[in-house]
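# Notes for the structure review
Listed below are the residues making up each chain.
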Protein chains: 2
Amino acid sequence: MKKFINNVDTVLNESLQGFALAHSDIIEFSAEPRYVKRKTLKGPGKVALVSGGGSGHEPLHTGFVGTGMLDAACPGQIFTSPSPDQMLAAAQAVQQGGGVLFIVKNYAGDVMNFEIASEMLEFTSASVLVSDDVSLPKTHSTGRRGVAGTLMVEKMVGAAAENGVCLSECKTLGDRINLATASMGVALTSCTVPALGKPTFAIGDNEMEMGVGIHGERGRETVPLKSAADIVEQVATIIDEDLHPKKGQEMLLHVNGFGGTPLMELYLVYGLAAAFWQKKGLRIIRSLVGNFTTSIDMAGTSITLTLLDEELTRLWDAPVHTAALRWGG
Amino acid sequence: MKKFINNVDTVLNESLQGFALAHSDIIEFSAEPRYVKRKTLKGPGKVALVSGGGSGHEPLHTGFVGTGMLDAACPGQIFTSPSPDQMLAAAQAVQQGGGVLFIVKNYAGDVMNFEIASEMLEFTSASVLVSDDVSLPKTHSTGRRGVAGTLMVEKMVGAAAENGVCLSECKTLGDRINLATASMGVALTSCTVPALGKPTFAIGDNEMEMGVGIHGERGRETVPLKSAADIVEQVATIIDEDLHPKKGQEMLLHVNGFGGTPLMELYLVYGLAAAFWQKKGLRIIRSLVGNFTTSIDMAGTSITLTLLDEELTRLWDAPVHTAALRWGG
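Cut-offs applied
Residues numbered from 1 in each chain as written. Chains lettered and ligands numbered in written order. Predicted model: local features only at pLDDT ≥ 70, side-chain atom pairs only at ≥ 80, totals over all residues. Heavy atoms only, no water. Pairing = 2+ DSSP bridges. Helix = DSSP H or I, 4+ residues; strand = E, 2+ residues; numbered from the N terminus. Axes fitted to C-alpha atoms, helices over the stretch in contact; angles between N-to-C directions. Contact = heavy atoms within 4.5 Å. Phe/Tyr/Trp six-rings, centres within 6.5 Å; stacked < 30°, edge-to-face > 60°. Buried < 20%, exposed > 50% of the residue type's maximum accessible area, 1.4 Å probe, protein only. Buried area = accessible area lost by both parts, 1.4 Å probe. Salt bridge = Lys/Arg side-chain N within 4 Å of Asp/Glu carboxyl O. Domains from an automatic or database assignment. Polar contact = N/O pair within 3.5 Å; in protein donor to acceptor, adjacent residues only side chain to side chain. Nonpolar A, V, L, I, M, F, W, Y, C, P; charged D, E, K, R; others polar. Least-squares fit on C-alpha atoms with pLDDT ≥ 70 in both.

## So, the sheet that holds strand E10 (residues 250–257) of chain B
In a beta sheet, neighbouring strands are held together by backbone hydrogen bonds and run either parallel or antiparallel to one another. Residues and elements named next belong to chain B. One open sheet accounts for six strands, arranged E9-E8-E7-E12-E10-E11; its pairing is mixed. Two strands close off the open sheet at either side, each with one partner strand: strand E9 (221–224) and strand E11 (283–290). Direction aside, neighbouring strands of the sheet carry axes that sit 20 degrees apart on average. As defined by bridge partners, strand E8 (residues 207–210) adjoins E9 across four bridges and the pair is classed as antiparallel. By the bridge assignment, methionine 208 is partnered in E9 with valine 223. Strands in contact with helix H6 (residues 228–243) are strand E7 (181–187), E8, E9 and strand E12 (300–307); relative to E7, the strand with the most contacts, it is inclined by about 155 degrees.

Have a look at this one:
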């Protein structure tokens, strides 16, 4: 394992301390219990947005804490759910009288712990469960996984909450964005969890993993390495058949990197995906390309499509000021 | 080689086409000769800022084209200088009557081709040569290499040009920023150039390369893998001895990733580097952490320190709207 670390037991806190120092203008870090909160809360009546999950997906979620997005994020150990006491402490630290909305990626541990936190909370809360990974069927026993589409939920609901939208409407909106969003990932290599010290899964030199999860979970199938055009055609077709957008539909296209794939390849994938949907008569009116929902150092990419309408486009465009996303103010 | 590509001969143009599509609100791409230009030029009298160099360092330089930074960037083939006709076409496309300032990283091919372009140009031009890599001695035969500190020159001179500063003052400013900036990189793995199909250099499982260049060039020495704390101590000491900042000095600290190293590690490195200089009584007042000057998929990081004063801080803070850097407007 070749990594810039001192000790596998302290890597997470050391990294978060560096993060807190680099972004001390917008966030604050609590080490015990562990959470990152927005430095300046908007104040009276705002719905507080709290997310979290296992670490190793940076900048998700800590990089999305700030004006117009999350009020707090709870980083668990790498690929491990945060605990209810982290969520509780974070929620208490950022609640502003408008209730708390938890944004939860659909993994058993996260779901359970956020539920426990909700029950222990002394003020109103609701949850949005993100399940955008269409590499698994809708009928999968534990439901679909939450992957890169989580960013869209956090950004758009974040804008709504910033504008004073109430808890129940934020919850409805989050569910709506989740349903309008579909993602699928492909891995060329495994990732290496520091504490494990070796690749999470084995993959041949001429193989790739279609439908991989953001922890390197096996997806649909291990297949021989293909051209970027073939990969994008296959992934985009699966997403398209799930969302079945109509001709003329406006959309947001997000090409996400898993950490080890350079921008040059991500933009190449973006170009192919954009061409796929343009040929079908869709209108790509917003784009995001880069490493946002990563899997440590995995070489791979995911494609996320969100069907837009006027409201969602406005929420996407609204000002945001976080470590990883910043525009409009 | 595991990459998202169709053909090693077309990867660059395919990627740039995707880039142009994703950022059509701010840039335009010319395929022949190859350059990326700002979509909306500021207009009469503005100094036009043109940079360029071999591809494989994305988002440098194409990701820095836009309001408040570059007017155009000329991407060469991967790790290969762009040609004078690219530079000439780009300069002609973006000149606005205030002359052209070329920002050139110090590599023989880039220097020669930008010089040829300058001579062929029919209007006034000047060049800033970036040479921030302190892993080589000041007396090195071809001078020091230009690496991640190029971003600081492009951002700050970009802000000055946007504010109407004239060509000779932009040139003086760029030289001053270059002298106030020092960088050094460390590689844990090689990078893989698509056309080559295998790692550029060999490095043992328990080795690292101190003072690596952004093309994977050997730097100071190949040494056994060390802890992040030891690496940062060594790199920061070399930078510090070169710039010898005074106690109380305000500075910008940039931790750059080479493409294959995850944010978690970059922030950990940032925290260690910040602590190093804080202990010496310096004041880190601005920060930038992320993959900005990459070496395709190399696992590695570089640390860049820029000594700030009121003028440079103001130029750093000025609004910028590019694909890779965006704030303040």
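The structure having been displayed, the exposition proceeds.
## Considering the packing of aromatic side chains
Residue and element names in this part refer to chain A. Scanning all chains against the criterion turns up eight aromatic pairs over all chains. With centroids separated by 5.3 Å and ring planes inclined at 55 degrees, the aromatic side chains of tryptophan 316 and tryptophan 327 adopt a geometry described as tilted. Here the residue tryptophan 316 occupies a position in helix H8 (residues 310–317), and tryptophan 327 occupies one in strand E14 (residues 326–327), the gap between them amounting to eleven residues. Per residue, the accessibility class of tryptophan 316 equals that of tryptophan 327, and both read buried.

## Observations concerning the interface of chain B and chain A
Taken residue by residue, the interface counts 57 residues in chain B and 57 residues in chain A. A buried area of about 4400 Å², summed over both sides, lies between chain B and chain A, and 67% of it is on carbon and sulfur atoms. If you sort the residues of chain B by the area they bury against chain A, B:Lys2, B:Phe4 and B:Met264 come out on top, with a joint share of 23%. Applying the counting criterion to the chain B and chain A interface returns two salt bridges. Among the salt bridges present, the one from A:Lys3 reaches B:Glu265, with a minimum N-O distance of 3.8 Å.

## Details of the domain arrangement of chain A
All names here are of chain A. Here chain A is partitioned into domain 1 (11–179) and domain 2 (181–307). Taken residue by residue, the interface counts 28 residues in domain 1 and 33 residues in domain 2. If you sort the residues of domain 1 by the area they bury against domain 2, Phe79, Val134 and Met152 come out on top, with a joint share of 25%. Aspartate 242 is paired through a salt bridge with arginine 144; the nearest N and O atoms lie 2.6 Å apart. Linking domain 1 with domain 2 are 16 residue pairs in polar contact (both at pLDDT 80 or more). Considering only residue class, the side of domain 1 that touches domain 2 consists of 15 nonpolar, six polar and seven charged.

## Concerning the pattern of salt bridges
Scanning the model with the defined rule gives 30 salt bridges over all chains in all. A salt bridge links A:Lys46 to A:Asp71; its shortest N-O distance comes to 2.6 Å. One end of the pair, A:Lys46, is in the loop between strand E2 (34–38) and strand E3 (48–55); the other, A:Asp71, is in the loop between E3 and strand E4 (72–78), and 25 residues separate them in sequence. Taken as a pair, A:Lys46 and A:Asp71 share a single burial class, namely buried. The partner of B:Lys37 in a salt bridge is B:Glu28, and the shortest N-O contact between them spans 3.3 Å. With a relative accessible area of 35%, B:Glu28 lands in the partly exposed category.

## Focus on the relation of the copies chain B and chain A
Mapping between the two chain copies consists of a rotation about an axis together with a translation along that axis. For the pair chain B and chain A, the superposition axis carries a translation of 0.0 Å, the fit reaches an RMSD of 0.0 Å, and the rotation angle comes to 180 degrees. Here the two chains are linked by the operation of a two-fold rotation axis. Residues of chain B ranked by C-alpha distance from the rotation axis are headed by B:Gly260, positioned 2.3 Å from it. Of the interface residues in chain B, 100% have counterparts in chain A that sit at the interface too, so the contact is made through matching surfaces.

## Side note on helix H2 (residues 84–94) of chain A
Side chains that are three or four residues apart share a direction in an α-helix, a result of its 3.6 residues per turn. All names here are of chain A. Where burial is concerned, most of H2 is hidden: eight out of the eleven residues are buried. Listed as buried for H2 are Pro84, Gln86, Met87, Leu88, Ala89, Ala90, Ala91 and Val94. Packed against the buried residues of H2 are E2, E3, E4, strand E5 (100–105) and helix H3 (108–120).

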